Amino acid sequence: MDNGPKMTKYDERSPERVKQRFTVAPRVDVYENANELLLVADMPGATKESVSIQLDKGQVTIEASRAEDMTGPSLVSEYRPTDYARVFSIPQGIDASKIDAQLSGGVLRLRLPKSDALKPRRIEVRSS
Amino acid sequence: MLRQLGEFDRTFSMLDELRRRMDRMWEDWDADEPGFSTQLSSAQAWPRVNVFDTGSNLVLKADVPGVNEKDLHISINQGALSISGERKHDAPQGYAVHRLERGAVNFSRAFSLPIPVDADKTTATIKDGVLTITLAKAPEAQPRKIGVQTR
């Protein structure tokens, strides 16, 4: 008798999930020199079309979706293809119009050039 | 009758819990990728692979971002498939390093194949950092259709 209400609420407790997508943060290297910041990210399976990079309010967001590539019954399953997403705060003085992204072999290279005001400058000493 | 339904319900709750645990396991697995945890070390289980059976072929897929095709060696020897190679460190010259998560990797993995394959018809491609090895099943391992006759 006690189980009656439990039975009716079962569906509410565990709604059926149609498809759950997993997202991981891609592994990145971050480098800097006098002219630019260079961000290198491992995103295997990401294509040029699937990657989106957005710069907003001092944050750069890298995202990529990846298709499930099951081609038949699975014999070994050590990983599942996941989407990628990661957000970075970037310092002020990045020239947003010159940001360049390049994807090759599953590795994304994002170049964030510094604006001229941030670049190191040599000050000439005058003699008077 | 009601008691039986209760049992039924509990069984499903258990299955549900199992599914949750499995999901969590996957998430942990994704978060803690072996092989990259230490920098510049040789990795035991890298790359991770998925293998599918497509009927006439076995298809092996592995994530190998940043590995050049010439640094990858694949061989089939007596029913064992081995993949070895290295991912070189690709740090640019003259840059200061803020963060290093992508190590260089030396890797070697071997798989015993469950069925005989035709080594001559095996192909391997790398696209977008994903290695796909297509192993053609040997003729005796190909699926065969048996016709049913009426009498």
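Whatever comes next refers back to the structure up there.
Report follows, based on the coordinates. (Residues numbered from 1 in each chain as written. Chains lettered and ligands numbered in written order. Predicted model: local features only at pLDDT ≥ 70, side-chain atom pairs only at ≥ 80, totals over all residues.)

1. Quick look at the sheet that holds strand β3 (residues 36-42) of chain A
Next up, step 1: Spatial strand order, β8(A)-β9(A)-β3(A)-β2(A)-β5(B): 5 strands in an open sheet with antiparallel pairing. If you trace the sheet from one side to the other, it starts and ends with β8 (100-104) of chain A together with β5 (96-100) of chain B, each paired once. Averaged over all neighbouring strand pairs, the angle between strand axes comes to 15 degrees, with direction disregarded.
Next up, step 2: Relative to strand β9 (residues 107-113) of chain A, β3(A) is paired through 7 bridges, and the arrangement is antiparallel. Its bridge partner lying in β9(A), L37(A) is registered against L112(A). (Pairing = 2+ DSSP bridges. Helix = DSSP H or I, 4+ residues; strand = E, 2+ residues; numbered from the N terminus. Axes fitted to C-alpha atoms, helices over the stretch in contact; angles between N-to-C directions.)

2. As for the interface of chain A and chain B
Next up, step 1: Opposite the 39 residues of chain A that make contact, chain B presents 37 residues.
Next up, step 2: When residues of the side of chain A that touches chain B are traced back to their parent elements, those giving at least two are α1 (3-13), β2 (28-32), β3 and β6 (74-77) of chain A.
Next up, step 3: Considering each element in turn, the side of chain A that touches chain B owes the most residues, 5 residues, to β2(A).
Next up, step 4: Here the side of chain A that touches chain B is built from residues that sort into 19 nonpolar, 12 polar and 8 charged.
Next up, step 5: In terms of strand pairing, β2(A) meets β5(B) through 4 bridges, oriented antiparallel. Pairing of D29(A) across the sheet is with L100(B), part of β5(B). (Contact = placed C-beta atoms within 7 Å. Nonpolar A, V, L, I, M, F, W, Y, C, P; charged D, E, K, R; others polar.)

3. As for the nonpolar core
Next up, step 1: In this structure, L39(A), V40(A), A41(A), M43(A) and L108(A) are the most contacted members of the largest nonpolar core, which totals 15 residues.
Next up, step 2: Of all the secondary structure elements, the ones that give two or more residues to this core are β3, β5 (59-64) and β9 of chain A.
Next up, step 3: Contacts of M43(A), omitting those with residues within four sequence positions, involve P26(A), A64(A), Y84(A), G106(A), L108(A) and P65(B).
Next up, step 4: Among the nonpolar cores identified, the runner-up in size contains 12 residues, and V49(B), A62(B), V117(B) and L131(B) belong to it. (Core = buried A, V, L, I, M, F, W, Y, C linked by C-beta atoms within 7 Å. Buried ≥ 20, exposed ≤ 12 C-beta atoms within 10 Å, placed from the backbone.)

Function cannot be read off these values alone, since they describe shape.
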